[in-house]
Amino acid sequence: MSDTITTFAPGRVEILGNHTDYNLGFVLSAAIHLGVTIEASRLSKDILEISSETNQRSISIELSNLRPLTEDAWANYPIGVIKVLLAAGFRLGGMRLDVSSDLPLGAGLSSSAALEVATVMAAKALFDLEIARMPLAQLCQKAENEFVGVHSGLLDQASSVFGKYHELILLDFLNVTVETVSLPANASLLLLNSGVPHELTGGEYNERRKQCMLAAKSIGVASLRDAALAQLESAHLDEVTRRRALHIIGENDRVLQGVQALRSNRLQRFGELMLASHFSSQVNFENSTSYLDILVELARKTPGVFGSRLTGGGFGGSTVSLIESVCADEIVQRISRDYHRMTGANCSPILTEPSEGARILA
Ligand code: ADP
Ligand code: MG
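None of these values were measured; they are calculated from a predicted model.

1. Section: the domain arrangement of the chain
Inference 1: In terms of domain boundaries, the chain breaks down into domain 1 (4-180) and domain 2 (183-352).
Inference 2: Distance from the C-alpha centre of domain 1 to the C-alpha centre of domain 2: 24 Å.
Inference 3: Of the roughly 3,400 Å² buried at the junction of domain 1 and domain 2 (both faces included), carbon and sulfur atoms supply 62%.
Inference 4: Linking domain 1 to domain 2 there are three salt bridges.
Inference 5: Linking arginine 309 and glutamate 14 is a salt bridge whose minimum nitrogen-to-oxygen distance equals 2.6 Å.
Inference 6: Counting only elements with at least two residues in the side of domain 1 that touches domain 2, the list comes to strand S1 (4-16), strand S2 (26-42), strand S6 (167-172) and strand S7 (177-182).

Dropping the structure here:
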């Protein structure tokens, strides 16, 4: 058992496969180089003390009385993780967590999952807990679902845990398995924040989720993962529900095609799949915004860009583009300038590569 430990958990970006996680489908994602760092130490009393340098807030709560806070809702992510660990029978004592982060919050890069994963990594190291990587991700998801009350799928936490340098992560949410697919060395990821924060607690996320469940039920399958296009056409769905299902079925297919494209080094083809994914978000899932559409359109016309799409939940947030690494500077300059000209807003760029997942820092 260590007395003090520093953990790091990265943010993630969804590269292909939008809203497919809770539909038990496929996603290609990557951990990025930015994330949440926690300096953790054991305390002699059974309390949980958490401070965040990011928002300059601190809380203290007894382990025997862990409950969601309303004033300091940000702390519910780590509190939830500790609560779920205790409920699962893990033995923990008091601890202090000092949180810092270089990840933008609420930008669709999953700072919430990074905070959860860094917390569980800290508890695991401080108290010698035996938890394999997938159950660890699932435990964080449970905390976010049940304690924070956001019904996010497993994508965010699993990507933060399983990230690998220059590899995309292929997640299969039916079988709950992970594989990696390498990204050619000449390609990088460009994330552009539209400057309009996403608000998944605004109800749209849960609404889309319900529509997908309804579609699966009407088609007669356990989840949309098992639905084929032909079944969709013959099912009696209302127009909106049909389009929602069409998006999920299409996304699953595009992920599998994307893996083939990467394995045969066809980045151009991979880029086309990203653009098709964005188009489906626009017209079928209706989780894009005019700002995200402009970013994708600008990227599409810029030399050196293979493809571009919105990433994460949608309704604001960021786009991800797959680009030729050597063109990065020109691409960023050109899109930033034109985006400002067209919208008056600024898009903050993050240039990254698929990065290592959660770890203990030396
Ligand atoms: P995303 O996960 O896309 O960044 P969310 O709304 O799911 O967006 O999670 C963001 C929330 O997570 C923040 O509003 C805050 O409550 C919490 N959070 C994440 N990182 C930190 C941090 N470093 N310090 C304090 N709170 C954080
Ligand atoms: Mg989140």
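2. Structural notes on the pairing of strand S10 (residues 318-324)
Inference 1: The buried fraction of S10 is high, at six of seven residues.
Inference 2: Where strand S8 (residues 187-193) lies against S10, seven bridges are found, and the strand directions are antiparallel. Across the sheet, residue alanine 187 finds its bridge partner in S10, namely glutamate 324.
Inference 3: Note that strand S9 (residues 305-311) and S10 share six bridges and pair antiparallel. Across the sheet, the residue bridging to serine 308 is serine 321, located in S10.
Inference 4: Counting the residues that bridge the hairpin from S9 to S10 gives six residues, and of these glycine 312 lies at a positive phi of roughly 85°.

3. What about the site of ligand 1?
Inference 1: Around ligand 1 sit 16 residues in total, of which Ser52, Thr54, Gly106, Ser111 and Ser112 are the nearest.
Inference 2: Within the backbone of serine 110, one N or O atom sits 3.4 Å away from an oxygen atom of ligand 1.
Inference 3: Here an oxygen atom of ligand 1 and a side-chain polar atom of serine 111 are 2.6 Å apart.
Inference 4: Isolated, ligand 1 exposes 560 Å² of accessible area, and the fraction of that covered by the protein chains is 82%.
Inference 5: At the level of elements, strand S5 (95-101) and helix H2 (111-126) are the ones that each hand at least two residues to the shell around ligand 1.
Inference 6: Counting residues per element, the shell around ligand 1 draws most heavily on H2, which supplies three residues.

4. Structural notes on H2
Inference 1: For H2, spanning 16 residues, the distance from its first C-alpha to its last is 22 Å, which sits close to the expected 22 Å at 1.5 Å a residue.
Inference 2: Judged by how many residues are buried, H2 sits mostly within the fold: 15 of 16 residues are covered.
Inference 3: Residue aspartate 128 follows H2 closely and has a positive phi angle near 50°.

5. Thoughts on the environment of glycine 149
Inference 1: You can see glycine 149 is positioned in the loop between helix H3 (133-148) and helix H4 (155-162).
Inference 2: Overall, glycine 149 belongs to the partly exposed group, its relative accessible area being 39%.
Inference 3: With 135 residues separating them in the primary sequence, glycine 149 and asparagine 284 have C-alpha atoms 26 Å apart.

6. A few points about the pairing of S2
Inference 1: Most of S2 sits out of view: twelve of its 17 residues are buried.
Inference 2: Across eleven bridges, the pairing between S1 and S2 is antiparallel. The partner of proline 10 across the bridge, within S2, is glycine 35.

7. Thoughts on the sheet that holds S9
For sheets, the rule is that strands pair by backbone hydrogen bonds, running either parallel or antiparallel.
Inference 1: The four strands lie next to each other as S9-S10-S8-S11, forming an open sheet whose pairing is antiparallel. Taken across any chain shown, the strands that pair with only one partner, and hence form the sheet edges, are S9 and strand S11 (348-352). Ignoring strand direction, the axes of neighbouring strands in this sheet form an average angle of 20°.

8. Some details on the packing of aromatic side chains
One pair of aromatic rings is described through two measures. These are the centre distance and the angle between the planes.
Inference 1: By the definition in use, this model includes two aromatic pairs.
Inference 2: Between tyrosine 22 and tyrosine 205 the ring centres are 5.5 Å apart and the planes differ by 65°, which places this aromatic pair in the edge-to-face class. Placement of the pair is tyrosine 22 in the loop between S1 and S2 and tyrosine 205 in helix H5 (residues 204-219), with a sequence separation of 183 residues. Judged on exposure class, the residue tyrosine 22 and its partner tyrosine 205 are both buried.
Inference 3: With a centroid separation of 6.5 Å and an interplanar angle of 65°, the aromatic rings of tyrosine 291 and tyrosine 339 are classed as edge-to-face. Placement of tyrosine 291 in helix H9 (residues 290-300) and of tyrosine 339 in helix H10 (residues 328-343) is noted, with a sequence separation of 48 residues between them.

9. What to know about H10
Inference 1: With 16 residues, H10 should cover 22 Å at 1.5 Å per step; its first-to-last C-alpha distance of 22 Å lies within 8% of that length.
Inference 2: Among all positions in H10, only Ala328, Ile331, Val332, Ile335, Asp338 and Tyr339 are buried. The buried residues of H10 occupy an angular sector of 155° when the element is viewed end-on, so they sit on one face. In H10, those exposed residues whose orientation departs by more than 90 degrees from the buried face are Asp329, Glu330, Gln333 and Arg341.

10. Some thoughts on the environment of glycine 106
Inference 1: You can see glycine 106 is positioned in the loop between S5 and H2.
Inference 2: For glycine 106 and glycine 317, which are 211 residues apart along the polypeptide, the C-alpha to C-alpha distance reads 7.5 Å.

11. Looking at the pattern of salt bridges
Inference 1: Per the counting criterion, the structure on display carries 22 salt bridges.
Inference 2: Between arginine 243 and glutamate 239 there is a salt bridge whose closest N-O contact spans 3.1 Å. Taken together, the residues span about one helical turn, with arginine 243 and glutamate 239 both in helix H7 (residues 239-263) at a distance of four residues.
Inference 3: Judged by its relative accessible area of 16%, arginine 243 is buried.
Inference 4: The shortest N-O distance in the salt bridge between aspartate 338 and arginine 337 comes to 3.1 Å.
Inference 5: Each of the salt bridges in this network shares a partner with another, and the network as a whole consists of Glu233, Glu239, Arg242, Arg243, Arg244 and Glu286.

Conventions used here
Residues numbered from 1 in each chain as written. Chains lettered and ligands numbered in written order. Predicted model: local features only at pLDDT ≥ 70, side-chain atom pairs only at ≥ 80, totals over all residues. Heavy atoms only, no water. Domains from an automatic or database assignment. Buried area = accessible area lost by both parts, 1.4 Å probe. Salt bridge = Lys/Arg side-chain N within 4 Å of Asp/Glu carboxyl O. Helix = DSSP H or I, 4+ residues; strand = E, 2+ residues; numbered from the N terminus. Buried < 20%, exposed > 50% of the residue type's maximum accessible area, 1.4 Å probe, protein only. Pairing = 2+ DSSP bridges. Near = heavy atom within 4 Å. Polar contact = N/O pair within 3.5 Å; in protein donor to acceptor, adjacent residues only side chain to side chain. Areas by Shrake-Rupley, 256 points an atom, 1.4 Å probe, with all protein chains shown as cover. Expected span 1.5 Å × (residues − 1). Axes fitted to C-alpha atoms, helices over the stretch in contact; angles between N-to-C directions. Phe/Tyr/Trp six-rings, centres within 6.5 Å; stacked < 30°, edge-to-face > 60°. Arc of directions from axis to C-beta.

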